[in-house]
Amino acid sequence: GWVVIGDDNYGEGSSREHAALEPRHLGGRAIIVKSFARIHETNLKKQGMLPLTFADPADYDKIDPTDKVSILGLTTLTPGKPLTLQVKKANGSTLDITLNHTFNAPQIGWFKAGSALNKMSEK
């Protein structure tokens, strides 16, 4: 899978479901940005994606296109608990960046099921 690293107000003008559906179907796992357009963030959650924000927006500038990233803490994803983006640089060094999320308990269920629709079909 892959992730998007983005700037401010990601998803502005993209309130329709398809803007969140396509990254999922193309193998995307997470969208990591400085900030989200409100409706787009919720639509990403419904599609089983991880909309995450940099705890420190300046960390955006620490990531290069050639970096490899891993998101740590997903097995214990809970409301209000930050995640860690582990960044591996081309020279082999690593950097840990704190990421925030706005998932509540039901939304975490959507993520674990792969989407809100998948979660609803479990009932």
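As a reminder, the structure under discussion sits directly above these lines.
Trainee: Lay out the nonpolar core with the relevant residues and their values.
Mentor: Core analysis: the largest hydrophobic core is formed by 15 residues, its most contacted members being Ile32, Leu52, Ile71, Leu85, Ile97 and Leu99. At the level of elements, strand S2 (28-33), strand S3 (50-54), strand S5 (83-88) and strand S6 (94-100) are the ones that each hand at least two residues to this core. Once residues lying within four places of it in the same chain are set aside, the contact partners of Ile32 are Val3, Val4, Ile5, Gly6, Leu52, Phe54, Ile71, Leu85 and Leu99. Val4, Ala20, Ile31 and Phe36 belong to the second-largest nonpolar core, a separate cluster that totals seven residues.

Trainee: Residue-level account of helix H2 (residues 38-46), with values.
Mentor: When H2 is considered as a whole, its buried residues turn out to be His40, Glu41, Asn43, Leu44 and Lys45. Residues of H2 that are buried make contact with helix H1 (18-25), S2, S3 and helix H3 (105-113).

Trainee: Outline the packing of aromatic side chains, supporting the account with residue identities and numerical values.
Mentor: The description of an aromatic ring pair rests on the distance of the ring centres and on the angle between the ring planes. As enumerated under the stated definition, the model contains three aromatic pairs in all. A ring pair is formed by Tyr10 and Phe36, whose centres lie 6.1 Å apart and whose planes are at 90°; its orientation type is edge-to-face. Residue Tyr10 is located in the loop between strand S1 (2-5) and H1, and its partner Phe36 is located in the loop between S2 and H2; the two are separated by 26 residues in the primary sequence. Judged by its relative accessible area of 25%, Tyr10 falls in the partly exposed class. The class for Phe36 is buried, based on a relative accessible area of 12%. With 6.3 Å between their ring centres and 80° between their planes, Phe54 and Tyr60 make a pair best called edge-to-face. Judged by its relative accessible area of 24%, Tyr60 falls in the partly exposed class.

Trainee: Describe in detail the pairing of S6, supporting the description with residues and values.
Mentor: Both S3 and S6 contribute to a ladder of two bridges, which runs antiparallel. Bridge pairing links Phe54 to Leu99 in S6. Inspection of the sheet shows S5 paired to S6 by six bridges, in the antiparallel sense. Each bridged residue has a counterpart across the sheet, and for Lys88 the counterpart in S6 is Thr94. Where S5 folds back onto S6 in an antiparallel hairpin, the turn is made up of five residues, including Gly92, whose phi is positive at roughly 95°.

Parameters at a glance
- Residues numbered from 1 in each chain as written.
- Predicted model: local features only at pLDDT ≥ 70, side-chain atom pairs only at ≥ 80, totals over all residues.
- Heavy atoms only, no water.
- Core = buried A, V, L, I, M, F, W, Y, C linked by side-chain atoms within 4.5 Å.
- Buried < 20%, exposed > 50% of the residue type's maximum accessible area, 1.4 Å probe, protein only.
- Helix = DSSP H or I, 4+ residues; strand = E, 2+ residues; numbered from the N terminus.
- Contact = heavy atoms within 4.5 Å.
- Phe/Tyr/Trp six-rings, centres within 6.5 Å; stacked < 30°, edge-to-face > 60°.
- Pairing = 2+ DSSP bridges.

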